[in-house]
Amino acid sequence: MGKLHDVLAQRIPRLRDEIHALVKDHGAAVISEVTIAQAFGGMRGVKGLVCDTSVVEAETGLIVRGIPISDLTQQLPEEIFYLLLTGELPDAESLASLQEEFRQRAHVPSYVWNVLKALPPDSHPMTMFSAAILAMERESAFRKRYSEGFHKDEYWEATLDDALTLLARLPAIAAGIYRIHTGKGEPLPSNSKLDWGADYASMLGLPDPTGDFRNFIRLYLTLHCDHEGGNVSAFTCHTVGSALSDAFYAVSAGMNGLAGPLHGLANQECLHFVLGIREAYNGVPTDAQLRDYVWQTLKDGRVIPGYGHAVLRVTDPRFTAFHEFGRRVCPADEIFRIVDRLFHLTPGILKEHGKIKDPWPNVDAGSGALLYLFGLTEFDYYTVLFGVSRALGMCAQLVLNRALGTPITRPKSVSTKWILRTIGTLACIA
Ligand code: NMX
Ligand code: MLT
């Protein structure tokens with residue numbers, strides 16, 4: 001393994017010492033409390049996890065290693081992976097070394113294609129994606145070395161080995177899934193002259209005369225890279241990895257969480273919603289019609305996909321980055337205009353509706369419109385794109401957790417009876 005490994009090998013001992021000292025000296029300090037509402041409410045706001053790859057604050061959105069995501073939009077996804085892991089953007093030599101590492105590991109073995117082609121044709125692309133990742137578990141360096149018996153200080157190295165193999169293959173696997181699922185033909189070969197994102201774009205096989213599509217895919221892969229540790233996919237991946245299940249098991253599990261409509265699948269739901277509006281009004285509706293449509297959706301007891309967030313309380317900066325890209329590339333496009341009008345009207349309606357805590361658009365509200373414009377119209381595929389990118393964050397978090405020897409995740413649950421008894425006791429004390 002190249003320079004990335006060496007940089008980590010140099011830093012990890014100091015990192016271990018720092019965390020060890022922190023826990024030894026301040027381990028008893030309280031950083032969070034849990035209310036009954038939080039215990040029943042998805043642990044919202046409970047601070048019980050540590051994640052150093054990125055943070056998400058309510059008023060700022062995603063910050064990767066101290067850098068707001070809006071300042072990273074020109075960076076390649078490979079650079080982001082290096083940043084997530086080391087805390088620094090790579091210099092030219094380190095980037096070239098990581099890209100070479102990916103190239104050397106990029107070949108997808110034929111058994112993976114056999115697995116994908118054997119799945120029923122109506123399998124969802126996320127099922128295919130997760131299954132492909134899981135199928136490759138047989139190649140795990142971590143599992144092999146663990147079964148031989150190896151020192152726990154070396155766990156992170158075998159995890160990095162697995163992460164690099166997995167990430168190197170994901171663009172080809174994901175693009176192949178697109179071609180198999182849509183019946184467009186055999187998977188296309190990788191082009192070793194291209195960077196990770198551009199190669200993915202080219203293997204999808206869509207026309208890209210201006211180069212805008214490959215730029216968009218690079219942006220897409222950068223923007224979705226990580227979202228701290230508590231979102232469903234990261235938390236799932238972390239929990240599975242904490243049992244020392246290797247990266248293939250853990251990332252596949254994370255993808256299954258990403259496949260839910262309240263999480264990553266919202267991007268396909270969003271485009272579905274926007275296309276429904278276009279069909280209902282035979283084009284871009286007036287603001288009054290759009291207001292009616294959104295209100296009717298709420299009255300029908302359905303969510304407005306792409307709006308709301310468990311942590312954010314402002315427009316997601318990732319949405320803003322996509323929106324700016326759309327304004328530059330396709331301001332007159334019908335679908336983009338509907339997304340744009342929704343952005344102007346929906347927050348006000350959701351505020352008036354009065355339930356949602358965050359009425360602003362999240363990352364999923366606008367990306368589908370742009371994919372559609374570039375000819376990627378099969379929107380049940382969109383979450384796979386999200387997954388390719390999010391694998392960067394999942395893998396970085398896994399490597400760091402193995403480096404720090406983070407123990408198995410095992411919070412304590414309580415029964416409703418226990419809570420009722422505890423309230424009774426508290427009431428007596430009051
Ligand atoms: N449209 C309508 N109602 C909503 C929406 C929405 N977009 N978002 C939340 N609500 C409702 C929610 O159903 C709940 O209603 P009730 O009390 O009847 O159960 C109420 O507002 C309070 O929910 P919040 O506390 O604001 O949201 P929560 O933190 O529980 O959930 C989401 C966050 C993101 C799951 C939620 O906002 C949602 O379902 N949004 C739509 C789906 C979506 O865009 N998901 C993508 C998230 C980003 N990602 O990529 O993962
Ligand atoms: C994400 O990118 O993971 C989503 O915005 C969901 C989240 O952070 O909870």
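The structure under discussion appears in the preceding block.
Residues numbered from 1 in each chain as written. Chains lettered and ligands numbered in written order. Predicted model: local features only at pLDDT ≥ 70, side-chain atom pairs only at ≥ 80, totals over all residues. Heavy atoms only, no water.

Every buried residue belonging to helix α11 (residues 232-242) is among Ser233, Ala234, Cys237, His238, Gly241 and Ser242, and all of these are buried. All buried residues of α11 fall inside an arc of 160 degrees around its axis, so they share one side. Looking at the buried side of α11, the elements it contacts are α12 (247-258) and α18 (382-403). Two residues or fewer after α11 comes Leu244, characterised by a positive phi angle close to 65 degrees. (Buried < 20%, exposed > 50% of the residue type's maximum accessible area, 1.4 Å probe, protein only. Helix = DSSP H or I, 4+ residues; strand = E, 2+ residues; numbered from the N terminus. Arc of directions from axis to C-beta. Contact = heavy atoms within 4.5 Å.)

Let us look at the site of ligand 1. In the vicinity of ligand 1, 21 residues are found, and the nearest of them are His263, Tyr307, Lys355, Lys357 and Asp364. At a separation of 2.8 Å, a nitrogen atom of ligand 1 approaches a polar backbone atom of Ile304. At 3.0 Å from an oxygen atom of ligand 1 is found a side-chain nitrogen or oxygen belonging to Asn362. Protein contacts shield 75% of the accessible area of ligand 1, which totals 900 Å² for the unbound molecule. Classifying every residue of the shell around ligand 1 by side-chain character gives eleven nonpolar, six polar and four charged. (Near = heavy atom within 4 Å. Polar contact = N/O pair within 3.5 Å; in protein donor to acceptor, adjacent residues only side chain to side chain. Areas by Shrake-Rupley, 256 points an atom, 1.4 Å probe, with all protein chains shown as cover. Nonpolar A, V, L, I, M, F, W, Y, C, P; charged D, E, K, R; others polar.)

The subject of this paragraph is the environment of Asp91. Tracing the chain through its elements places Asp91 in the loop between α3 (77-86) and α4 (92-104). Exposure remark for Asp91: the relative accessible area of 43% places this residue in the partly exposed category. Each C-alpha atom, one on Asp91 and one on Gly393, is 20 Å from the other, the two residues being 302 residues apart in sequence.

Before going further, it helps to examine the sheet that holds strand β3 (residues 67-68). Think of a sheet as strands paired side by side through backbone hydrogen bonds, with each pair either parallel or antiparallel. Read across the sheet, three strands follow the order β1-β2-β3 without closing on themselves; strand pairing throughout is antiparallel. A single partner strand is all that each edge strand has here, and the edge strands are β1 (54-57) and β3. In this structure, β1 lies alongside strand β2 (residues 61-64), joined through four bridges in antiparallel fashion. Within the sheet, the bridge partner assigned to Ser54 lies in β2 and is Val64. (Pairing = 2+ DSSP bridges.)

Note that all results are geometric; they support no functional claim without further evidence.
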